[in-house]
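# Breakdown of the fold
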Amino acid sequence: MRHSFFSLIRNALGHHREWPPLWRDPDPKAAYDVIIIGGGGHGLATAYYLAKEQGLGRIAVVEKGWIGGGNSARNTTIVRSNYLWDASAHLYEHSLRIWEGLSRELNFNVMFSQRGVLNLAHSLHDVRDAHRRIRANDLNGIDAEWLDPTKLASYCPLLDISPEARYPILGATLQRRGGTARHDAVVWGFARAADRLGVDILQHCEVTGIPREGGKVTGVETTRGVIKAPKVAIVAAGHAGTLAAMAGFRLPLVSHPLQALVSEPMKPLLDCVVMSNAVHVYVSQSDKGELVIGAGIDPYAGYAQKGSFSIITEQMGALVSLFPRFSRLRMMRSWGGIVDTAPDASPIIGKSPVEGLYLNCGWGTGGFKATPGSGQVFAQTIARDAPHPLVVPFTLDRFTTGALVDEHGAAGVAH
Ligand code: FAD
Ligand code: PYC
């Protein structure tokens, strides 16, 4: 048995008898009700809600690396629900409400901090878009307000709001209920809670094939053998297209690198999240004191978990223009993830063309905030073999009907 960090601590504290081991070895002969491909936040949340709310007993999560090794623990942890269109606003707000009680639900501190999210406006066009989004949010019961430059300067004094700034700031939208969470804690919280409900979490178990019989899925082929189940869910951000190809169909997704970096730690100085879609940078300060700084996607398609240096130089140029005081800061480390984006920058959730095979993918640059809500509605979709009402607008059908949910504007990050 492998020992996790938590199991070592538990053993040291003498609690080992009350806690089952977190990870079990796969039994290739076991038949499961549902197999989830992908041990990120979305996959683990789906497993948790399948076990907790849908009453399914035999669930496995298969992960090619280690849980949380994908985008779930590579992101900049921004949580908000201020999307433009009703369909997105409802889905992300559903998720935000779950975030508000998630630490208690999982009995695990996910460090959800509603410190407020600012989206800056730099042009008249941005200002009009921002007001339109505020009105739309208001109609959906989502908190959103406009801060003019004077109010903004008092809310976030580090921002350079002078008219001669390279990127003049004309105001910002503020969602006070938005904020950040600790990404790896979210993964671990869902993993531990799912494990306690009997979910098997199989790490270092890569799916290499998706066998079918008579048009129905029969399980997965993995690097550790075949595992059978009548229902399989693809929840593998960045790799959904590759997995769909194993099942004989294509998805309208393109995978891109998306990167972020952190500065050296500092005393608390930035107590909100600042995003600028126009200049491709977003920043918050972690509880460790580091600035967490993200950028837009690399424009080329790729599977390398690192992005181009040119993106970082643009991102840092934009950061220093918005926050001149950060110009002397040293950066500590950078990393990348692989995000898969659909043509309308919205996710794909629901049934696939193969019976028994379900999809949860295409979250692009913005799926972290959806983790708990996505898991919950997807679990119901799988259990009932019919889309949860909140995901009806996000099924694959929209690419044939043309009913796209175009969130490029409110996605918050340049796509
Ligand atoms: P992942 O966490 O990537 O999990 C998928 C898992 O599938 C991986 O662990 C992978 O190893 C596994 N897998 C893949 N192929 C196979 C296979 N063949 N067999 C078995 N397992 C497989 N979103 C926000 O809302 N706010 C943000 O601030 C934000 N910032 C971001 C910044 C960066 C730099 C990046 C990269 C992303 C950001 N995102 C953000 C997006 C967010 O991280 C993702 O949408 C979200 O984490 C996706 O979660 P997931 O569980 O679907 O994917
Ligand atoms: O969707 O809010 C978001 C986001 C921020 C950074 C990357 N994505």
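Structure's up top.
Position numbers for residues count from 1 along each chain, tracking the sequence in the order it is written. Chain letters start at A and ligand numbers start at 1, both assigned in the order the entries are written. Only residues with pLDDT of 70 or above have their local features reported here, since the model is predicted, and side-chain atom pairs are shown and tallied only from 80 upward, although totals for entire chains, interfaces and linings are computed over all residues. Only hydrogens and water are set aside; all other atoms, that is, all heavy atoms of the structure, feed into the side-chain values.

### Describing the site of ligand 1
The full set close to ligand 1 counts 37 residues, and Glu 63, Asn 71, Ser 72, Thr 76 and Lys 369 are the nearest of them. One of the backbone nitrogen or oxygen atoms of Gly 41 is found 3.2 Å away from an oxygen atom of ligand 1. Nitrogen and oxygen atoms within 3.5 Å of one another constitute a polar contact, given that in protein one can donate a hydrogen and the other can accept it, and given that sequence-neighbouring residues count only through two side-chain atoms. At a separation of 3.0 Å, an oxygen atom of ligand 1 approaches a polar backbone atom of His 42. Reported accessibility uses the Shrake-Rupley method at a 1.4 Å probe radius. Residues are deemed covered only where the shown protein chains occlude them. Taken by itself ligand 1 offers 1000 Å² of open surface, and the protein chains cover 97% of this. Mapped onto the shell around ligand 1, the elements with two or more residues apiece are helix 2 (41-53), strand 15 (254-263) and strand 19 (331-341). Every helix listed is a DSSP run of H or I at least four residues long, and every strand listed is a run of E at least two residues long, numbered separately from the N terminus. Take the shell around ligand 1: its biggest share by element is 3 residues, from strand 15. We call a residue near a given molecule or strand whenever any one of its heavy atoms falls within 4 Å of it.

### With respect to the packing of helix 2 against helix 7 (residues 183-196)
Geometry is summarised by axes, namely lines fitted to C-alpha atoms with helices restricted to the contacting stretch, and by angles between N-to-C directions that run from 0 to 180 degrees. Packing of helix 2 against helix 7 leaves a shortest axis separation of 9 Å and a crossing angle of 30°. The angle between helix 2 and helix 7 places the two elements in the roughly parallel class. Note that helix 2 runs across helix 7; the crossing there is left-handed. Between helix 2 and helix 7, the contacting residues are Gly 41, Leu 44, Ala 45, Tyr 48 and Tyr 49 on the first element and Val 187, Phe 190, Ala 191, Ala 193 and Ala 194 on the second. Grouping the constituent residues of the contact of helix 2 with helix 7 by class yields 9 nonpolar, 1 polar and no charged. Angles are sorted into four bins: roughly parallel if under 35 degrees, roughly antiparallel if over 145, roughly perpendicular if 65 to 115, and oblique for all others. Each crossing gets its hand from how the near helix is turned against the far one by less than a right angle, where anticlockwise is left-handed and clockwise is right-handed. In what follows, residue pairs with any heavy atoms lying within 4.5 Å of each other are defined as contacts. Classes in brief: Ala, Val, Leu, Ile, Met, Phe, Trp, Tyr, Cys and Pro nonpolar; Asp, Glu, Lys and Arg charged; the others, Gly included, polar.

### Considering the pattern of salt bridges
Salt bridge, as used here: a side-chain nitrogen of Lys or Arg that lies within 4 Å of a carboxyl oxygen of Asp or Glu. The final tally for this structure, using the stated rule, is 13 salt bridges. Linking Arg 115 and Asp 287 is a salt bridge whose minimum nitrogen-to-oxygen distance equals 3.5 Å. On the criterion of sequence distance, the pair formed by Arg 115 in the loop between helix 4 (102-106) and strand 4 (117-121) and Asp 287 in the loop between strand 17 (281-285) and strand 18 (291-297) is long-range, its members being 172 residues apart. Relative accessibility decides the category of a residue: with a 1.4 Å probe and only protein chains considered, values under 20% of the type maximum give buried, values over 50% give exposed, and everything between is partly exposed. On the basis of relative accessible area, Arg 115 is assigned to the buried category, the value being 16%. Here Glu 145 and Arg 176 are joined by a salt bridge, their closest N and O atoms 2.8 Å apart. Highlighted residues: Glu 145 in strand 5 (residues 145-147) and Arg 176 in the loop between strand 6 (171-175) and strand 7 (179-180), separated in sequence by 31 residues. Residue Arg 176 is classed as partly exposed on the basis of its relative accessible area of 44%.

### Structural notes on the sheet that holds strand 21 (residues 357-361)
Taking strand neighbours across the sheet as the criterion, the 6 strands line up as 8-2-1-14-21-20 in an open arrangement whose pairing is mixed. For this open sheet the edge positions go to strand 8 (200-202) and strand 20 (348-351), each flanked by a neighbour on one side alone. Each neighbouring strand pair of the sheet contributes to a mean axis angle of 15°, computed without reference to strand direction. Between any two strands, pairing holds if DSSP finds at least two bridges. Taken together, the 4 bridges between strand 1 (residues 34-37) and strand 2 (residues 59-62) define a ladder with parallel strand orientation.

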